[in-house]
Amino acid sequence: MPAAPSPDTLRDARIIVGVCGGIAAYKTATLVSRLAQAGAEVTVCMTDSATRFVTPLTFQALSGRPVYSSQWDHIESKDPQHIALARSAHLAVVAPCTMDCMARLATGLTDDIVTLVLSAVDRAKTPVLLAPSMNETMWRQKSTQRNLETLQQDGFQFIGPDEGWQACRTVGAGRMSEAEAIFEAVERAIARR
């Protein structure tokens, strides 16, 4: 069994948290808070649909940093934001990673800020963790399973999904892992760098 990460593992780690449009986005607020409390520099990127579930202001308050919700707004004027963020990150995590986001990443589409930033991350140097979240039928779709296989071959790492109660009133696979499990996966990945 590997040794537990040091309590300072995340201190000064630069972490990108991508948030996609799914009800599980509320769990990501806890993840961002835990990462910030552990001393990480957390930059949140949100798809437009994610902002309908949790506001950017929530993540700004929890991270203490500006939130990126558009590929057209340049917070850092000296460099295109997606390149600067991707180059400086020690790790990126997408939670929730929806069926749509998985399909975009598997096919190279970059028309939202989350997929745009991830497209510029060198996965040979920087781990990218995906925490899927979708209805059990969506998770079982052949297209989702093909995208899962493609993304794993492309070097993405997965946390979950778990089985359990879903907002659509069903029980099954597809539920996003809890914030603490994602936090621990991030901590382990940073410790291995």
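In short, a report on the structure. Think of each chain on its own: its residues are numbered from 1, step by step along the sequence as written. In keeping with the model being predicted, local features are shown solely for residues with a pLDDT of at least 70 and side-chain atom pairs are shown and tallied solely at 80 or more, while totals for entire chains, interfaces and linings include all residues. The basis for every side-chain value is the complete set of non-hydrogen atoms in the structure, without hydrogens or water.

One bridge is not enough; two strands pair if DSSP finds at least two bridges between them. The helix count covers DSSP runs of H or I at least four residues long, the strand count covers runs of E at least two residues long, and both are numbered beginning at the N terminus. Taken in spatial order, the five strands line up as E2-E1-E3-E4-E5 in an open sheet, and their pairing is parallel. The open sheet has two free edges, formed respectively by strand E2 (41-46) and strand E5 (157-158), since each of these has just one partner strand. The strands touched by helix H4 (residues 99-107) within the sheet are strand E3 (91-97), strand E4 (128-132) and E5, with E3 carrying the most contacts at an inclination of about 135°. Contacts: residue pairs with any heavy atoms within 4.5 Å of one another. Under this scheme, a helix contributes an axis fitted over its contacting stretch, all axes are lines through C-alpha atoms, and angles between N-to-C directions fall in the 0 to 180 degree range.

Right, let's get into the side chain of Thr126. Mapped onto the fold, Thr126 is located in the loop between helix H5 (113-119) and E4. Judged by its relative accessible area of 6%, Thr126 is buried. Setting aside its immediate chain neighbours within four residues, Thr126 contacts Ala89, His90, Leu91 and Val121. Accessible area is worked out with a 1.4 Å probe on protein chains only. A residue is then buried under 20% of its type maximum, exposed over 50%, and partly exposed in between.

Their axes nearest at 8 Å, the elements helix H1 (residues 25-37) and helix H2 (residues 56-63) cross at an angle of 20°. Judged by the angle between their axes, H1 and H2 are roughly parallel. As for how H1 packs across H2, the hand of that crossing is right-handed. Note on element contacts: H2 touches H1 through Thr58, Phe59, Leu62 and Ser63, opposite Ala25, Thr28, Ala29, Val32, Ser33 and Ala36. Amino acids outside the nonpolar list (Ala, Val, Leu, Ile, Met, Phe, Trp, Tyr, Cys, Pro) and the charged list (Asp, Glu, Lys, Arg) are all regarded as polar, and Gly is one of them. Residue composition of the contact of H1 with H2, by class: six nonpolar, four polar and no charged. Roughly parallel refers to an angle under 35 degrees, roughly antiparallel to one over 145, roughly perpendicular to one between 65 and 115, and oblique to any angle outside these ranges. Each helix crossing is assigned a hand: it is left-handed if the near helix lies turned anticlockwise from the far helix by less than a right angle, otherwise right-handed if that turn is clockwise.

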